[in-house]
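Per-entry structural report
For reference, the chains in residue letters:
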Amino acid sequence: MSSLSVMKAVIPAAGQGTRFLPATKSSPKEMLPLVDKPLIQYIAEEAALAGIRNIIVISGRGKRAIEDHFDISYELEETLKQSGKDALLKEIRRISDLARFCYVRQRHMRGLGDAILCAQHLIGDEPFAVMLGDEIIDAGVPAIAQLMEVYDRLRAPIIGVQEVALDEVSQYGIITAKPAGDGLFQVTDLVEKPSPADAPSRLAVIGRYILTPEVFAVLEKTPPGKNQEVQLTDALRTIAKRAPMYAWVIKGKRFDAGDKLGFLKATVEFGLKNPELGERFARYLKQLSI
Ligand code: G1P
């Protein structure tokens, strides 16, 4: 799976993870382990599977564990080598070989739009992916690769969406859209976290985007919006009003792993799918017979 046009992904990871306190008081939310891998590794693997080899992590204070995770760990590798744990050694090496990682610090917590703006000098004049680490998407074709395929066809910004329940719309960016083919919509407007009464649809932005570099100039002029933060949704709204923008309904099962219940659901489902643990875990769950 690859696309020559999108070669870089931005993963915003500077947030404070308040929905997951106290676990995230001193360790990054992105490092919470889903079965045996930190959340951010699932995102990096999704990007790598889609052929993206440059990953820009928007980092912040208290997030150094992320850099260490994707770095080489000589001591650990030496220990594994000496004790003949070759499979583990291979797995550990694979992590640091996933992509070329760059880290930029977001110094002030000014919102997702501001976080994306921090990557401007590393993106240059090319389309790029944005992948939010809270959303883990289990899909046959990686979610970001689905968007890249649409981008290659339409050469316009593409937003990954899925339908959510009406009582959940206030947790998401919600689009106004016109059907444009199977699973595809043209976006005419967006609103960040509307109340159910104000939501124009139930199509929610679910943390995967292909954006074009014009977004940076727009973000620079976007005033703080919802929660006094510079919202990416507001910048996309400006762009959608003047040029074509599309939404693609991502095929796959999505977990909001930044939320405690969503994380538990993901843990159970990924645990059941795990080749080493799945069967034993299923037996255990049956025996609980809740
Ligand atoms: C962000 C975006 C929102 C999007 C959501 C998806 O919100 O601002 O538009 O729907 O991610 O997870 P956050 O969850 O960071 O508050």
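Everything quoted here is computed from the prediction, not taken from an experiment. (Residues numbered from 1 in each chain as written. Predicted model: local features only at pLDDT ≥ 70, side-chain atom pairs only at ≥ 80, totals over all residues. Heavy atoms only, no water.)

Digging into the site of the ligand
Near the ligand you find Leu-112, Leu-132, Glu-135, Tyr-172, Gly-173, Glu-192, Lys-193, Val-205, Gly-207, Gln-231 and Thr-233, and these make up its full shell. One nitrogen or oxygen atom from the main chain of Gly-173 is found 2.9 Å from an oxygen atom belonging to the ligand. Between the ligand and Val-205 there is a distance of 2.6 Å, counted from an oxygen atom to a backbone nitrogen or oxygen. When the ligand sits alone it has 370 Å² of accessible area, and the protein chains cover 79% of it. Of the residues belonging to the shell around the ligand, the class tally is four nonpolar, four polar and three charged. (Near = heavy atom within 4 Å. Polar contact = N/O pair within 3.5 Å; in protein donor to acceptor, adjacent residues only side chain to side chain. Areas by Shrake-Rupley, 256 points an atom, 1.4 Å probe, with all protein chains shown as cover. Nonpolar A, V, L, I, M, F, W, Y, C, P; charged D, E, K, R; others polar.)

With respect to the packing of helix α3 (residues 74–82) against helix α4 (residues 86–96)
Two numbers describe how α3 lies on α4: the axes approach to 8 Å, and their chain directions differ by 160°. The angle between α3 and α4 falls in the class roughly antiparallel. Considering the relative orientation of α3 and α4, their crossing is left-handed. Contacts from Leu-76, Glu-77, Leu-80 and Lys-81 of α3 reach α4 at Leu-88, Leu-89, Ile-92 and Arg-93. In terms of residue class, the contact of α3 with α4 is made up of five nonpolar, no polar and three charged. (Axes fitted to C-alpha atoms, helices over the stretch in contact; angles between N-to-C directions. Helix = DSSP H or I, 4+ residues; strand = E, 2+ residues; numbered from the N terminus. Parallel < 35°, antiparallel > 145°, perpendicular 65-115°, else oblique. Left-handed = near helix turned anticlockwise from the far one by under 90°. Contact = heavy atoms within 4.5 Å.)

Section: the packing of aromatic side chains
Evaluation of the coordinates by the stated rule reveals six aromatic pairs. Summarising the aromatic geometry, the rings of Phe-20 and Phe-263 are spaced 5.3 Å apart at their centres and angled 85° between planes, so their arrangement reads as edge-to-face. Within this pair, whereas Phe-20 is found in the loop between β1 (8–12) and β2 (33–34), its partner Phe-263 is found in helix α10 (residues 260–273), the two being separated by 243 residues in sequence. Each ring, one from Phe-70 and one from Phe-101, has its centre 4.2 Å from the other, and the planes form 20°; the classification is stacked. Taken together, the residues span a long stretch of sequence, with Phe-70 in helix α2 (residues 64–70) and Phe-101 in strand β5 (residues 100–105) at a distance of 31 residues. For the pair shown, Phe-70 and Phe-101 are each scored as buried. Feature note: the residues Tyr-42, Phe-255 and Phe-270 constitute an aromatic cluster, connected by ring pairs. (Phe/Tyr/Trp six-rings, centres within 6.5 Å; stacked < 30°, edge-to-face > 60°. Buried < 20%, exposed > 50% of the residue type's maximum accessible area, 1.4 Å probe, protein only.)

Let's talk about the packing of α10 against helix α11 (residues 278–288)
Taken N-terminus to C-terminus, the directions of α10 and α11 make an angle of 125°; their axes are 6 Å apart at the nearest point. Judged by the angle between their axes, α10 and α11 are oblique. Taken together, the residues of α11 that come into contact with α10 (itself represented by Thr-267, Val-268, Gly-271 and Leu-272) are Gly-278, Phe-281, Ala-282 and Leu-285. Its residues assigned to classes, the contact of α10 with α11 comprises five nonpolar, three polar and no charged.

Let's talk about α10
The periodicity of an α-helix, 3.6 residues per turn, causes residues three or four positions apart to be oriented the same way. Counted at 1.5 Å a residue, the expected span for α10 with its 14 residues is 20 Å, and the 20 Å between its end C-alpha atoms agrees. Every buried residue of α10 is accounted for by Gly-262, Phe-263, Ala-266, Phe-270 and Gly-271. Down the axis, α10 shows its buried residues gathered within 160° of arc, on one side only. Turned more than 90 degrees away from the buried face of α10 sit Leu-261 and Leu-264, all of them exposed. Among the structural elements, β2, α1 (39–49), β7 (135–138), β13 (253–256) and α11 are those in contact with the buried residues of α10. (Expected span 1.5 Å × (residues − 1). Arc of directions from axis to C-beta.)

Description of the nonpolar core
Grouped together as the largest cluster of nonpolar side chains are 54 residues, with contacts concentrated most on Ile-55, Phe-70, Phe-101, Ile-136, Ile-144, Ile-158 and Ile-210. Excluding its chain neighbours within four sequence positions, the residues that come into contact with Ile-158 are Leu-147, Val-150, Tyr-151, Arg-208, Tyr-209, Ile-210, Tyr-246 and Trp-248. In terms of nonpolar packing, the next biggest core, distinct from the first, is built from 34 residues, Ile-175, Leu-232, Ile-239 and Ala-240 among them. (Core = buried A, V, L, I, M, F, W, Y, C linked by side-chain atoms within 4.5 Å.)

Brief notes about the environment of Lys-25
Its place among the elements puts Lys-25 in the loop between β1 and β2. Placed 37 residues apart in sequence, Lys-25 and Gly-62 show a C-alpha to C-alpha distance of 9.3 Å.

With respect to α1
Across the 11 residues of α1, 10 count as buried, placing the element largely inside the fold. Among the residues making up α1, those that are buried are Leu-39, Ile-40, Gln-41, Tyr-42, Ile-43, Ala-44, Glu-45, Glu-46, Ala-47 and Ala-48. After α1 finishes, the residue Gly-51 shows a positive phi value of roughly 95°.

Regarding the side chain of Thr-212
Tracing the sequence through the fold places Thr-212 in the loop between β11 (203–211) and α8 (214–220). What Thr-212 contacts, discounting residues up to four positions off in sequence, is Pro-127, Phe-128, Tyr-151 and Pro-157.

Overview of the environment of Leu-211
Relative to the helices and strands, Leu-211 resides in strand β11. Residue classification places Leu-211 among the buried positions, given a relative accessible area of 1%. In sequence terms Leu-211 and Val-6 are 205 residues apart; their C-alpha atoms lie 9.4 Å from each other. Among all residues touching Leu-211, those that are not within four sequence positions of it are Pro-127, Phe-128, Val-130, Leu-232 and Leu-236.

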